[in-house]
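Here is how the chains run, residue by residue.
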Amino acid sequence: MKFIFERDTWQEIYGAIRKNKIRTIITVIGVTWGVFLFVFLLGMAKGLDNSFRSQFNDFATNTMFLWGQQTSIPNEGFKRGRRMQLTLDDVEALESQVDDIEYIAPRNVTGQWGTPPGQFVRGSKSGAFKVFGDYPTIDKVSKKKIFDGGRFINEEDIKYERKVCVIGEDIYKQFYDKDEEVIGGFVRINGIYFKVIGVYKPTQAGGFEGDDSIFLPFTTFQTIFNQGRNISWMVITAKADKNIVNTETIIKTILKREHNVHPDDTQAFGSFNLGEEIAKVNGFLGGMRLITYIVGIATLIAGVIAIGNVLLITVKERTREIGVRRALGATPAEVRGQIMLESILLTFLAGLLGFISGTLLLWGINTAIGNNDDIPILNPTVDFFAVVGALLSIVLLGTLIGLIPAQKAVSIKPIEALREE
Amino acid sequence: MIEIKDLHKSYQMGSNSLHVLKGINFSVKEGELVAIMGSSGSGKSTLLNILGMLDEADGGSYFLDNVPIKGLNETKAAQYRNKFLGFVFQSFNLINYKTALENVALPLYYQRKNRKERTEKAMNYLGKVGLTNWATHLPSELSGGQKQRVAIARALAADPKVLLADEPTGALDSTTSYEVMDIIQGINDEGKTILVVTHEQDIANMCKRIVHLKDGVIVEDKEVEQVRASQYV
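No experiment lies behind these values; they were computed from the predicted model shown.

Undergrad: Is there a simple way to explain the sheet that holds strand S6 (residues 85–88) of chain B in this structure?
TA: Sheets are built from strands that pair by backbone hydrogen bonding, the pairs being arranged parallel or antiparallel. All names here are of chain B. The strand order across the open sheet built from 6 strands is S6-S7-S8-S3-S9-S10, with neighbouring strands paired in mixed fashion. Two strands bound the open sheet, and with one partner strand each, they are S6 and strand S10 (217–223). In this sheet, neighbouring strand axes are inclined to one another by 15° on average, regardless of whether the strands run parallel or antiparallel. Of the pairings in the sheet, the one linking strand S9 (residues 209–214) to S10 comprises 6 bridges and is antiparallel in character. Looking at the pairing, valine 211 lines up with aspartate 221 of S10. Of the strands in this sheet, S6 and strand S7 (162–166) are in contact with helix H5 (residues 144–157), which crosses S6 at around 170°.

Right, here's the structure in full:
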């Protein structure tokens, strides 16, 4: 194996490769294309994956929604059909009793489910919009983009029941001229003056808020709309290492006890759990990644087989040359070594070229997309180890496939090789 | 230098066996210039291939420089070829993507000589065949005579004991043939043992000894008065 490290060996190989330009190029194209596709597919899959994940991260994957419905089983003297009203007491009870909970945020709303919307007035314009009463933690669960200069509701707003509001982008567009200052100005909601502290835009589709709602501090909302301790629903995020499905069961058991609901009553409390939805998407992404790998690896193998094929033809073409070399004293090992090194070198260079071009394309796509939210591709990259692994395996494949033409070259007797016309 | 006793060789042609060499006894001393003559099918190329270790005899013994040549594996044969023998072929067999210089240096590469020594020696032998100025040319840029001179330089480069030439002038016109023979005679004058297979009488006459092969046996083996090729050039 010593000959691998000798300069002369490589000069021989370089000579053979350089002088057989067309076959070198054809050979290289096969593998370059394979690696290029592999890198590109992997990168795009990763980009799609990243994009999905970033959307769900905004929505805190371990999250559930919980609201009161009507009982379906009579219990402890109460007849069925009793309406469940969640209150702040429930929130406090859950917070103190369930360790799994990372965040818990009671929410209240008017303008949804038959309640009257809030009357929004600015100057001579007015309109009716949904009004939410929220804690700052809600922003951790369902992320909103707050435009420059503004902020979301904070703990101080809650504590002092401040009359401040965050309005949707759509409301801003309806009620304000372009470039008009919005932050710090006053608007009227149901006849009460509020200071605008921010304008938001939802960063993902879905949810109740849309881009035309008004957010008030929860405490302020309760007072203004006369809600006392009643809430509309609550949003609960479990700790990262907890399973939200289990947490949901625990929470419902506690609530049933607190509200004197029959343990088997599945109708009393409604819930929606993102965990299951995300599992589906994860399954889809995993499947896509698997397909990417299969297609990529198949392409690589096809490329390497092409190399073996071309080298085999080349050996046939070079039979005479090989015969001459052997007449001049080349041992079978030297001939075999040379053909195999040619194969390895070609696959390696071609692989490197494919990797570089694939990476450049991904980089180009990344730059072109930028932070455009409309295209579901985010930061398309390839895992370094995946690439090194791919390179190593094609070099290995190149070695194995190189064995065939090398053996063929050696199996021809020099006399037959020389006789070949 | 070469000692052959009772050499036999047959080829299987389908179900028939073709007995090509039927007991050749033959020896060559150092410094001889021997022409092996015979019509096609007389077995002269087969003999040369066996001498060149490109083929193996079925029976008999072959000593080259007192080394028995028998049952060699390919690796050993390659090493012996490199050490003992220089080949000149009818169709030159230069490697077409290598320059004249690189072609001449190739046997030295297989002798593991370093690059500097290879280039030096190769240039030296190219000078011997008068092609110093053509060193960087590819075979496709050379005439037939020049190609054969490059091939001779290549055969000499490894400083072999014996030079084996298989119809070296077969693809050349007579003027060029004589030029090539002139070079071969020059090398022989310096003491190199050379075997030339040919079917041309005038080429054979330029050697010192003529061995006639017919139907696989030697029918005539005589010393001749050497005709110098230089008088025709």
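Undergrad: How should I be thinking about the sheet that holds strand S1 (residues 2–13) of chain B in this particular structure?
TA: Residues and elements named next belong to chain B. The strand order S2-S1-S4-S5 describes an open sheet built from 4 strands, whose pairing is antiparallel. Among the strands making up the open sheet, the edge pair consists of strand S2 (16–28) and strand S5 (67–68). Alignment of S1 against strand S4 (residues 59–64), held across 5 bridges, turns out to be antiparallel. Among the inter-strand pairings, isoleucine 4 is bridged to a residue of S4, identified as tyrosine 62.

Undergrad: Hey, could you run me through the packing of helix H9 (residues 274–317) of chain A against helix H12 (residues 384–411) of chain A in this one?
TA: The angle between the axes and the distance between the axes are what describe a pair of packed helices. Residue and element names in this part refer to chain A. Two numbers describe how H9 lies on H12: the axes approach to 9 Å, and their chain directions differ by 25°. Relative to H12, the element H9 lies roughly parallel. Crossing hand, H9 versus H12: right-handed. Across from Leu300, Ile301, Val304, Ile305, Ile307, Gly308, Leu311, Leu312 and Val315 in H9, the residues of H12 making contact are Ala390, Ile394, Leu397, Gly398, Ile401, Gly402, Ile404, Pro405, Lys408 and Ala409. The residue makeup of the contact of H9 with H12, split by class, is 15 nonpolar, 3 polar and 1 charged.

Undergrad: Just to check I follow, could you spell out the pairing of strand S3 (residues 118–122) of chain A for this structure?
TA: Regular strands show a simple pattern: their side chains alternate between the two faces of the sheet. All names here are of chain A. Across 5 bridges, S3 lies against strand S4 (residues 125–134) in antiparallel orientation. Its bridge partner lying in S4, glycine 118 is registered against phenylalanine 129. Linkage of S3 to S4, two consecutive antiparallel strands, is achieved through a turn of 2 residues, within which glycine 123 is found at a positive phi near 60°.

Undergrad: Explain helix H8 (residues 244–258) of chain A here, please?
TA: Each α-helix turn comprises 3.6 residues. Residues three or four places apart therefore point the same way. Residue and element names in this part refer to chain A. Between its first and last C-alpha atoms H8 spans 21 Å; for 15 residues at 1.5 Å apiece the expected length is 21 Å, and the two agree. Every buried residue of H8 is accounted for by Ile244, Thr247, Glu248 and Ile251. For H8, the angular spread of buried residues about the axis comes to 100°, placing them on one side. When the buried face of H8 is taken as reference, the exposed residues oriented beyond 90 degrees from it are Asn246, Thr249 and Arg257. Packed against the buried residues of H8 are strand S1 (63–68), helix H3 (88–97), strand S10 (233–238), strand S11 (269–273) and H9.

Undergrad: I would appreciate a short explanation of the nonpolar core in the present structure.
TA: It is characteristic of soluble globular proteins that their nonpolar side chains tend to be buried jointly. Grouped together as the largest cluster of nonpolar side chains are 121 residues, with contacts concentrated most on Ile36, Val104 and Leu195 of chain B. With 13 residues, the top contributor of residues to this core is helix H2 (residues 21–58) of chain A. In this structure, isoleucine 36 of chain B is in contact with Lys44, Leu47, Leu48, Leu195, Val197, Val211 and Leu213 of chain B, ignoring residues within four places of it in sequence. Phe129, Tyr135, Phe218 and Ala238 of chain A belong to the second largest nonpolar core, which has 45 residues in total.

Undergrad: Quick question: what am I supposed to make of the confidence of the model for chain A here?
TA: In regions of low pLDDT, the predicted coordinates are not meant to be interpreted in detail. Across chain A, pLDDT averages 80, with 93% of residues at or above 70. Mean pLDDT across the elements of chain A ranges from a minimum in helix H4 (residues 138–141) of chain A, with 73, to a maximum in strand S6 (residues 164–168) of chain A, with 87.

Undergrad: Would you mind going over the interface of chain A and chain B with me for this structure?
TA: With 18 residues of chain A in contact, the opposing surface of chain B contributes 22 residues. When contributions to the side of chain A that touches chain B are tallied by element, the ones reaching two or more residues are helix H1 (7–19), helix H10 (319–327), helix H11 (332–369) and helix H13 (414–419) of chain A.

Undergrad: Can you walk me through unusual backbone geometry in this structure?
TA: Generally, phi is negative for residues other than glycine and the peptide bonds are trans, each holding for most cases. A positive phi is found at asparagine 190 of chain A, a non-glycine position, where the angle reads about 50°. Tracing the backbone shows asparagine 190 of chain A in the loop between strand S7 (186–189) and strand S8 (192–202). For asparagine 190 of chain A, a count of 15 C-beta atoms within 10 Å corresponds to the partly exposed category. Phi angles above zero are rare outside glycine, and aspartate 65 of chain B is one such case at about 55°. As for its placement among the helices and strands, aspartate 65 of chain B is situated in the loop between S4 and S5. Taking the number of C-beta atoms within 10 Å as the measure of exposure, aspartate 65 of chain B has 15 and is therefore partly exposed.

Conventions and cut-offs
- Within each chain, residues carry numbers counting from 1 in the order of the written sequence.
- Chains and ligands are labelled sequentially in the order written, the chains with letters from A and the ligands with numbers from 1.
- At least 70 in pLDDT is required for a residue's local features to be given in this predicted model, at least 80 for side-chain atom pairs to be given and counted, and no such filter applies to totals for whole chains, interfaces and linings, which use all residues.
- In short, DSSP must find at least two bridges between two strands for them to pair.
- A run of H or I in DSSP counts as a helix once it spans at least four residues, and a run of E counts as a strand once it spans at least two, with each numbered from the N terminus.
- Fitting a line to C-alpha atoms yields each axis, with helices limited to the stretch in contact; the angle taken between N-to-C directions then spans 0 to 180 degrees.
- Contact between residues is assigned whenever the C-beta positions, reconstructed from backbone atoms, fall within 7 Å.
- Relative orientations are named as follows: roughly parallel for angles under 35 degrees, roughly antiparallel for angles over 145 degrees, roughly perpendicular for angles from 65 to 115 degrees, and oblique for any other angle.
- Take the far helix as the reference: if the near one is turned anticlockwise from it by less than a right angle, the crossing is left-handed, and if turned clockwise, right-handed.
- Residues are grouped as follows: Ala, Val, Leu, Ile, Met, Phe, Trp, Tyr, Cys and Pro are nonpolar; Asp, Glu, Lys and Arg are charged; every other residue, Gly included, is polar.
- A helix is expected to reach a length of 1.5 Å times the quantity of its residues less one.
- Comment: burial labels come from other C-beta atoms within 10 Å of the residue's own C-beta, placed from the backbone, where a count of 20 or more is buried, 12 or fewer is exposed, and between is partly exposed.
- Here the arc refers to the set of directions running from the helix axis out to each C-beta atom.
- Buried Ala, Val, Leu, Ile, Met, Phe, Trp, Tyr and Cys residues form a nonpolar core when they are connected through C-beta atoms within 7 Å.
- Think of pLDDT as the predictor's per-residue confidence, scored from 0 to 100.

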